[in-house]
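Structural overview for review
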Amino acid sequence: MMNHVFLWILYSSIMATLIMIFILFIKKVFKNFISFRLSYALWFLVLIKLFVPFTFESPISLFNFLPNVDNHILSPQEIEHNIYSIDSKQLINNEYYGDATKKHSNISNIRGVESQSNLFKNKKLDSYDIESNLNKKTSFQKYISIGSYIWFSGILVMTLFVSVILVNFHRKTKFVKKIENPEVIGLVNYHSKKLDISRKIFLYYDNKMSSPFIHGFFRPKIFLPENILSIIDHNKLSYIISHELSHYKRKDTLLNFISLIAIVLHWFNPIIWWGMKLMKEEREILCDKYALENLNEDEATLYGKTIIKLSSAFSFSKSKNLLVSNFFEATNILERRIVMIKKFKKGSYKLSAITIGGLIFMSSITLTNAQSLEYYNNNTSNINYVKEDISNFKIDSTYKRFNDLERAMDFIDYKFKVPNYIPSGFKFYKVDLMDGRPISLRFENKHNATFNFLISKENIISLLELPKSNFENNKQIISSSNGRNHFIWQDDGIWYGIEYYSKEYLLQKNKILNNISMEDISNIASSLKEPRNINTVDYVSQPYKNFLCLYDHKDIEKAKEILGFSPNLPVNLSNNFKAVSSRTSKLYYDDLNHPGMELETVYQKKSDNSLPKIEFVQGNNTYAYDRLLKDDSYKKQEKGSSILTIDGLRILATEKLNKEGIKKQKYIWKKGGIYNEINITGKINNIDEIIKSLIK
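Residue indices follow the written sequence of each chain, beginning from 1 at its first position. For this predicted model, a pLDDT threshold of at least 70 governs which residues receive local features, and a threshold of 80 or more governs which side-chain atom pairs are given and counted, while totals over whole chains, interfaces and linings are taken from all residues. Water and hydrogen atoms play no part in the side-chain values, which are based on all heavy atoms of the structure.

**With respect to the overall build of the protein**
Just so we agree on the cut-off: For helices the rule is a DSSP run of H or I covering at least 4 residues; for strands it is a run of E covering at least 2, with both sets numbered from the N terminus onward. With residues, only the protein chains shown are counted as cover, and all accessible areas are computed by Shrake-Rupley using a 1.4 Å probe.
Looking only at helices and strands, the protein features 20 helices and 24 strands. Entry remark: accessible area of the protein is about 35,500 Å², with carbon and sulfur atoms responsible for 53%.

**Description of the packing of aromatic side chains**
Applied cut-off: Between 30 and 60 degrees the pair is tilted, below 30 it is stacked and above 60 it is edge-to-face, where a pair is any two Phe, Tyr or Trp rings, Trp via its six-membered ring, whose centres lie within 6.5 Å. Throughout this description, buried means an accessible area under 20% of the type-specific maximum (1.4 Å probe, protein chains only), exposed means over 50%, and partly exposed covers the range between. Here, a charge over a ring means that NZ of Lys or CZ of Arg falls within 6 Å of the ring centre while also lying within 35 degrees of the ring normal.
Under the defined criterion, the tally for this structure stands at 26 aromatic pairs. Summarising the aromatic geometry, the rings of Y40 and F44 are spaced 5.4 Å apart at their centres and angled 90° between planes, so their arrangement reads as edge-to-face. Taken together, the residues Y40 and F44, both in helix α2 (residues 36-51) and four residues apart, mark about one turn of the helix. Its relative accessible area of 27% is what places F44 among the partly exposed residues. Ring plane angle 15° and centroid distance 4.9 Å describe the contact between F443 and F451, whose orientation is recorded as stacked. Look at F451 and you get buried, because its relative accessible area is 1%. Of note, K221 hangs over the ring of Y204, and the distance from its end group to the ring centre comes to 5.3 Å. Over the ring of Y551 we find K400; its NZ or CZ atom is 5.8 Å from the centre of that ring.

**With respect to helix α20 (residues 687-694)**
Along an α-helix, residues three or four apart share an orientation, since each turn contains 3.6 residues. Going by this rule: Each C-beta atom gives one direction from the helix axis, and the arc is the one those directions make.
Looking only at α20, the buried set comprises I687, I690, I691, S693 and L694. The buried residues of α20 all sit within an arc of 160° when viewed along its axis, so they share a single face.

**Here's the deal with the packing of helix α6 (residues 234-249) against helix α8 (residues 270-293)**
What counts here: Axis angles are defined between N-to-C directions and span 0 to 180 degrees, where every axis is a line fitted to C-alpha atoms and, for a helix, only to the segment in contact. Note on angle classes: values under 35 degrees are labelled roughly parallel, values over 145 roughly antiparallel, values of 65 to 115 roughly perpendicular, and the remainder oblique. The criterion used for residue contact is that any of the two residues' heavy atoms lie within 4.5 Å. Only Asp, Glu, Lys and Arg are considered charged, only Ala, Val, Leu, Ile, Met, Phe, Trp, Tyr, Cys and Pro nonpolar, and every remaining residue, Gly among them, polar.
Taken N-terminus to C-terminus, the directions of α6 and α8 make an angle of 110°; their axes are 9 Å apart at the nearest point. On the basis of their axis angle, the class for α6 and α8 is roughly perpendicular. Only R283, E284, C287, D288, Y290 and A291 of α8 make contact with α6, whose side of the interface consists of S242, H243, S246, H247 and K249. Partitioned by chemical class, the residues of the contact of α6 with α8 number three nonpolar, four polar and four charged.

**Some words on the confidence of the model for the protein**
Detail in the predicted coordinates should be disregarded across regions flagged by low pLDDT. Short version of the rule: Confidence scores per residue from the predictor, reported as pLDDT, run from 0 to 100.
Taken over all residues, the pLDDT of the protein has a mean of 77, while the share at 70 or more is 76%. Here strand β1 (residues 91-94) stands out as the element of the protein with the lowest mean pLDDT, 31, in contrast to strand β9 (residues 418-419), whose mean of 97 is the highest. Ignoring residues within four places in sequence, the model shows residues 77-135, a span with pLDDT below 50, making 154 contacts including any to other chains.

**What about a nonpolar patch on the surface?**
Applied cut-off: Patch definition: residues with relative accessible area over 30% and no salt bridge; like charges joined within 9 Å; nonpolar side chains (Val, Leu, Ile, Met, Phe, Trp, Tyr) joined within 5 Å. For salt bridges, the criterion is a side-chain nitrogen of Lys or Arg within 4 Å of an Asp or Glu carboxyl oxygen.
On the surface, I48, F51, V52, L254, F257 and I261 cluster together into a nonpolar patch covering about 440 Å² of accessible area. Elements represented by at least two residues in the nonpolar patch include exactly α2 and α7 (252-265). The leading source of residues in the nonpolar patch is α7, at three residues. Within the secondary structure, L254 is located in helix α7. According to the relative accessible area criterion, L254 is partly exposed, its value standing at 35%.

**Points about the pairing of strand β24 (residues 674-681)**
Stated precisely, the cut-off is as follows: If DSSP finds at least two bridges between two strands, the strands pair.
Among the eight residues of β24, eight are classified as buried, and the element is accordingly described as predominantly covered. Direction of pairing for strand β23 (residues 663-671) relative to β24: antiparallel, over a ladder of eight bridges. Looking at β24, one finds that K666 is bridged to N679. Between β23 and the antiparallel strand that follows it, β24, lie two residues; G672 among them carries a positive phi value of about 60°.

**Digging into the side chain of E499**
Stated formally: In the analysis that follows, any N or O atom pair within 3.5 Å is treated as a polar contact, provided that within protein one partner can donate a hydrogen and the other can accept it, and provided that, for residues neighboring in sequence, both atoms belong to side chains.
Along the chain, E499 turns up in strand β15 (residues 494-501). A distance of 2.8 Å separates the side chain of E499 from the side chain of H486, its partner in a polar contact. If we skip the residues at most four places from it in the chain, E499 touches F451, N452, L454, R484, N485 and H486.

**Looking at the environment of S153**
Inspection of the secondary structure puts S153 in helix α4 (residues 127-172). Of the residues examined, S153 reaches a relative accessible area of 39% and is grouped as partly exposed. Reaching out from S153, the side chain makes a polar contact with the backbone oxygen of Y149 at a distance of 2.8 Å.

**Brief notes about the pattern of salt bridges**
On inspection of all chains with the given rule, the structure shows 19 salt bridges. With a closest N to O distance of 3.6 Å, K417 and D491 form a salt bridge. Taken together, the residues span a long stretch of sequence, with K417 in the loop between α13 (405-408) and β9 and D491 in strand β14 (residues 484-491) at a distance of 74 residues. Judged by relative accessible area, D491 falls into the partly exposed class, the value being 23%. One salt bridge in this structure joins E655 and K663, with 3.7 Å as the shortest N-O distance.

**Quick word on the environment of V157**
In this structure, V157 sits in helix α4. Residue classification places V157 among the exposed residues on the basis of a relative accessible area of 54%.

**Comments concerning helix α11 (residues 353-366)**
Defined as follows: A helix is expected to span 1.5 Å for every residue after the first.
The end-to-end C-alpha separation of α11 is 20 Å, in line with the 20 Å expected for 14 residues at 1.5 Å each. When α11 is considered as a whole, its buried residues turn out to be T355, G358, M362, I365 and T366. Taken around the axis of α11, the buried residues stretch over an arc of 105°, which confines them to a single face. Away from its buried face, by an angle of more than 90 degrees, α11 presents the exposed residues A353 and I360. Each element contacted by the buried residues of α11 is listed here: α1 (2-29) and α2.

**Digging into the packing of α7 against α8**
Closest axis-to-axis distance for the α7/α8 pair is 10 Å, and the angle between their directions is 175°. Classified by the interaxial angle, the pair formed by α7 and α8 is roughly antiparallel. In this structure, α7 uses D252, L255, N256, S259 and I263 to contact α8, whose residues at the interface are W273, M276, M279, K280, R283 and C287.

**Digging into the environment of H191**
Of note, H191 is situated in helix α5 (residues 182-194). C-alpha of H191 to C-alpha of L245: the two residues are 54 residues apart in sequence and 7.5 Å apart in space. Beyond its immediate chain neighbours, meaning those up to four positions away, H191 contacts S238, I241, S242, L245 and L295.

Here it is, written out as structure tokens:
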């Protein structure tokens, strides 16, 4: 967990540093054209990036133009995928439905062969290169762990240091004296009203204060050196009060606090320290500008003279506390403030259209992320493959399964009703649509008790081949078959049924007697409403909400949300292969500590589960690839195994015969943080074309 947070902080620090360098370059080149307001606003881009390193991708992002082998900066997730590999012996994938599980290959069973296709010629990797790469990854992992501990230790030290400063400061403020002078209080009230400040702010003085400043954003106080009134008159004191109240009005004390948090989190980066210092200096200049905006135009000169007089009368502030906004600081910033005051013109503080436009433009190129590796591969790959429009995606199947009733209704051509009541403890699980069978809505409880609610335009008794002798005059009856009871009736020409196991069957199978009762059945049957009027039953399956079967473009959009990436979904492949099924499922590895989501799409020439068959798996967890790459069998390059490089991708290949003597081939690769796997069962010609079409 700490490693992950450290990588995020490190990543955001690098990104913010690059933005800061770019901003300083822009300010240097266009210094005569950038207003003080825009110059200060640009620092917010750095501050935002320090806390929010990731936003949406953009083709005009600054980071698109940085030299990088992947054409983009790796995110912490991609860094982790590249450096963490954990040994394991077996992969387990939970199937969408039923108790069946899919067994992934054991490491020791990886036995690839050299492909005879031109695709794989001269693509083998040297085992020395692989071992060297793995050693580098292991070393880098150690460095990240050590770095994270050092970073966190620095956080603790910085937090302690800041806490000590604040405690000492608040201890000193206990002995300051409140200014009760009516004229001074009148100045505070005058400027508070002029700046539209409703909060009551008091002034305090002490001989330990070296400069006027305001402190605090919930209960702000203005502190003055004790002998300031003997040096300047009340008119000049008025400018000081206006300046400090301007800090409060502009929320500068809050921004000081946010800047301090940024420094604590990024303490290891001296450029960030420097950047926050520059931001604070420009904050003082802009505060002067805001204060002058609320004074008379002829008072600018007197305001500047007050700054000069105080700077000669008092030493510069020794406090480096970012929570304090001093009236004057070092000589260089003092000179910049005087220059700004001399050039000040009334109305120049207001935001201009040029300033707003410049800020929007700079935000669009600095706060957006570079386009992903996937984008570049889609646009620069030398693979002769054209991505299909998802609006054309369609899988026809005689059997369909849904985890959402509303989605299932897209495939039902008649109106029907569903229960607005289900027994306590039961939840909606799925909808099954199958040619020649009733629509089936399945409900289950935590004890694995189940019942199905059936819907059909046709006679359910005939469709299920139930005994007909008990059915008379369309009355509600119960008929039994194979241990199941069926309560069947008609309503507005539509047949309905409730299917559940009989008590005798459950006793025979030693099942817990926790099925629905006749009272439950009666309540279900009497609660029917049109789906749009349902208000007490949730017909979106919570247990299977992330397990989705794909049939057209609507399902692809949902799959993107579940997977966290856009899958490659060609409907047709070469050799007349077409997609016959596609579904998301949860992928667990052997110790159940590395869950992920995957999309498995099956391609066949026919939809009858005949061979040959192609299974294409895309997942958001690359653990399997990293684990296999780390295995000793690949390091030793056992006979028959192969590691291939195709279009810059490292692909793990294997070929073997299953128990039935049928040829099985597997190709695994990682691209852009996405795990990809092709399983080919049976003999297929032109495999190279198929693999190329699935490597996007």
